[in-house]
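# Coordinate analysis (summary)
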Amino acid sequence: YLRQRYLEEIKALLIPAGFEEFNFHRLSGKNLTVQVLSETVEAMPMMAEHTMVIVTDMDIFKLDESQRTALIDMLSDFPDYCTLIFVYDQLEYKRDGKMKKLIAALDSYVTEVEFAQQEREQLLRWLKRRFAAVGHDIDMATADHMLFTCGTLMTDLVPEIEKIGAYAKGQNVTIADINAVCEPILDARVFDMTNAITARKFDEAAGVLGDLLRMQTEPIMILAAIGKELRRLYTARMALDSGKDRFWLKSLWNMSSDYPAKLLMQAAGRVDHEWCATAVKRCQTLDRRMKSEKNMDAEQELKLFLMELASRK
């Protein structure tokens, strides 16, 4: 969200309205050669002072030696009128320290800016401002529930805020408003599933799994989320057994708030140590099988695993 906002601000500063077609260029980094990039960078501005080039997900550390040399040469003799921005969205930007010449060129000619997810306090203040803009207020507890349900990516939260703002009848947004219109992230749905199992609401748990499969969520992704949730539940059970509180659990899992830790502690109180340990081991076994066995009916195996969890006292 912040990255997109600043890219738009830079574009507004550099490129006059109406001249974007000539002076603003967006390139995909996949299969992009440095030669094509150099030609785009060196293209003179038309009826403007600047050009701007955005390249998305170009792994400059996987270029062959000749391409790396060409990139270093381009950076060392870069035209003053052009602003080049490499954006890493799906691809992780990770320096390869063995490529010393490229690293030196980056240190000399490039500014690196990381857009990390916002901390809880900043997100809560931002949520209150966004809801105020649509005529509503939200308290901290309800905001924590929204972040747990919808995730913490601001880009994803914006449309959810708009939906809640249109739906909510009262001045204050409620948890019921959020649950009525928001699309939960996978982790939240899987928590609902495991929470239903620990509460012995097996039909509800099966319904969540059925919804995820109907949405064509990959079974291996569902299992990965289940595995994470079972490990967190296991540590919550250990916390209860050793007299630790939700704040210890929050610190262990580096949670931004104690809200999910509180929910985990409540769920862990309904199962014992043996159930948690067995569930984690069985999940690990199924994970190995899904990744190694050919022609496995992954959806059916997930359903059987859910039944196995439900059948254990």
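Structural notes, computed from the coordinates. (Residues numbered from 1 in each chain as written. Predicted model: local features only at pLDDT ≥ 70, side-chain atom pairs only at ≥ 80, totals over all residues. Heavy atoms only, no water.)

## A closer look at the pattern of salt bridges
Per the counting criterion, the structure on display carries 19 salt bridges. For Arg95, the salt bridge is made with Glu112, and the minimal N-O distance between the two is 2.8 Å. Taken together, the positions of Arg95 in the loop between β3 (82–87) and α5 (100–109) and Glu112 in the loop between α5 and α6 (120–133) put the pair 17 residues apart, joining distant regions of the chain. On the basis of relative accessibility, which here comes to 41%, the residue Glu112 falls in the partly exposed class. Close ionic contact of Lys163 with Glu160 constitutes a salt bridge, the shortest N to O distance being 3.1 Å. With Lys163 and Glu160 both in helix α8 (residues 154–167), this residue pair falls three residues apart, about one helical turn. (Salt bridge = Lys/Arg side-chain N within 4 Å of Asp/Glu carboxyl O. Helix = DSSP H or I, 4+ residues; strand = E, 2+ residues; numbered from the N terminus. Buried < 20%, exposed > 50% of the residue type's maximum accessible area, 1.4 Å probe, protein only.)

## As for the nonpolar core
By size, the foremost hydrophobic cluster in this structure holds 42 residues, and its most contacted members are Met193, Ile226, Leu233, Trp275, Leu302 and Phe305. For this core, the secondary structure elements donating two or more residues are α10 (186–198), α11 (202–214), α12 (219–241), α14 (259–268), α15 (273–292) and α16 (298–311). Ranked by residues supplied to this core, first place goes to α12 with nine residues. Ranked by size, the runner-up nonpolar core spans 24 residues in total, among them Phe61, Ala70, Met74 and Leu84. (Core = buried A, V, L, I, M, F, W, Y, C linked by side-chain atoms within 4.5 Å.)

## Points about the state of the cysteines
By definition, a disulfide is the covalent link that joins the sulfur atoms of two cysteine residues. Tallied over the full model, the rule gives zero disulfides. The structure places no disulfide on Cys150, whose sulfur is separated from the nearest cysteine sulfur, that of Cys182, by 3.8 Å. Take Cys283: it sits in no disulfide, and the sulfur closest to it among the cysteines is that of Cys276, at 13 Å. (Disulfide = S-S within 2.5 Å.)

## Notes on a negative patch on the surface
A grouping of Glu39, Glu42, Asp73 and Asp77 is seen on the molecular surface, where their side chains present a negatively charged patch. Mapping Glu39 onto the fold places it in helix α3 (residues 34–42). (Patch = residues over 30% accessible without salt bridge, like charges linked within 9 Å, V, L, I, M, F, W, Y side chains within 5 Å. Areas by Shrake-Rupley, 256 points an atom, 1.4 Å probe, with all protein chains shown as cover. Lys, Arg positive; Asp, Glu negative; His and termini not counted. Charge placed at Lys NZ, Arg CZ, Asp CG, Glu CD.)

## Structural notes on the packing of helix α4 (residues 65–76) against α5
Their axes nearest at 10 Å, the elements α4 and α5 cross at an angle of 20°. For the element pair α4 / α5, the angle class is roughly parallel. Considering the relative orientation of α4 and α5, their crossing is left-handed. Within the contact between the two elements, α4 uses Arg68, Leu71, Ile72, Leu75 and Ser76 and α5 uses Lys101, Leu102, Ala105, Leu106 and Tyr109. Among the residues forming the contact of α4 with α5, the class breakdown is seven nonpolar, one polar and two charged. (Axes fitted to C-alpha atoms, helices over the stretch in contact; angles between N-to-C directions. Parallel < 35°, antiparallel > 145°, perpendicular 65-115°, else oblique. Left-handed = near helix turned anticlockwise from the far one by under 90°. Contact = heavy atoms within 4.5 Å. Nonpolar A, V, L, I, M, F, W, Y, C, P; charged D, E, K, R; others polar.)

## Considering the pairing of strand β1 (residues 24–28)
As judged from the five bridges shared by β1 and strand β2 (residues 51–56), these two strands associate in the parallel manner. Bridging from a neighbouring strand, Arg26 pairs with Ile54 of β2. In this view, the connection linking β1 to its parallel neighbour β2 by way of α3 has right-handed handedness. (Pairing = 2+ DSSP bridges. Right-handed = clockwise from strand over helix to strand, strands pointing away.)

## A closer look at α6
End to end, α6 covers 20 Å across 14 residues, agreeing with the expected 20 Å (1.5 Å per residue, within 8%). Every buried residue belonging to α6 is among Arg120, Leu123, Leu124, Trp126, Leu127 and Phe131, and all of these are buried. Along the axis of α6, the buried positions cluster into a sector of 165°, meaning they face one direction only. Pointing more than 90 degrees away from the buried face of α6 are the exposed residues Arg129, Ala132 and Ala133. Each element contacted by the buried residues of α6 is listed here: α7 (140–150) and α8. Following α6 by one or two positions, Gly135 adopts a phi angle in the positive range, close to 85°. (Expected span 1.5 Å × (residues − 1). Arc of directions from axis to C-beta.)

## Overview of the sheet that holds β2
Taken in spatial order, the three strands make up an open sheet running β1-β2-β3, and their pairing is parallel. At either end of the open sheet lies a strand with only one pairing partner, and these are β1 and β3. Here the strands of the sheet are splayed against their neighbours by 15° on average, with no regard to which way each runs. Against the sheet, α3 makes contact with β1, β2 and β3, and its axis sits at roughly 155° relative to β2, the strand it touches most.

## Some points on the environment of Gly170
Among the structural elements, Gly170 can be located in the loop between α8 and α9 (175–181). Residue class for Gly170 comes out partly exposed when judged on its relative accessible area of 35%. When the C-alpha atoms of Gly170 and Gly135 are compared, they prove to be 9.7 Å apart, with 35 residues separating the residues in sequence.

## Points about the packing of aromatic side chains
The tally for this structure, following the rule as stated, stands at six aromatic pairs. Arranged with centres 6.0 Å apart and planes meeting at 55°, the rings of Phe61 and Tyr93 form a pair that is tilted. Here Tyr93 lies in the loop between β3 and α5 and Phe61 lies in the loop between β2 and α4, a separation of 32 residues in the sequence. Overall, Phe61 belongs to the buried group, its relative accessible area being 7%. When its relative accessible area of 29% is taken as the criterion, Tyr93 is described as partly exposed. Between Phe148 and Tyr259, the ring centres sit 5.8 Å apart and the planes meet at 70°, which makes this aromatic pair edge-to-face. Of the two residues, Phe148 is situated in helix α7 and Tyr259 in helix α14; the sequence distance between them amounts to 111 residues. The pair Phe148 / Tyr259 is uniform in exposure class, with both members buried. Chaining the aromatic ring pairs together yields one cluster made of Phe61, Tyr88 and Tyr93. (Phe/Tyr/Trp six-rings, centres within 6.5 Å; stacked < 30°, edge-to-face > 60°.)

By themselves, these are just geometric observations and shouldn't be taken as functional.
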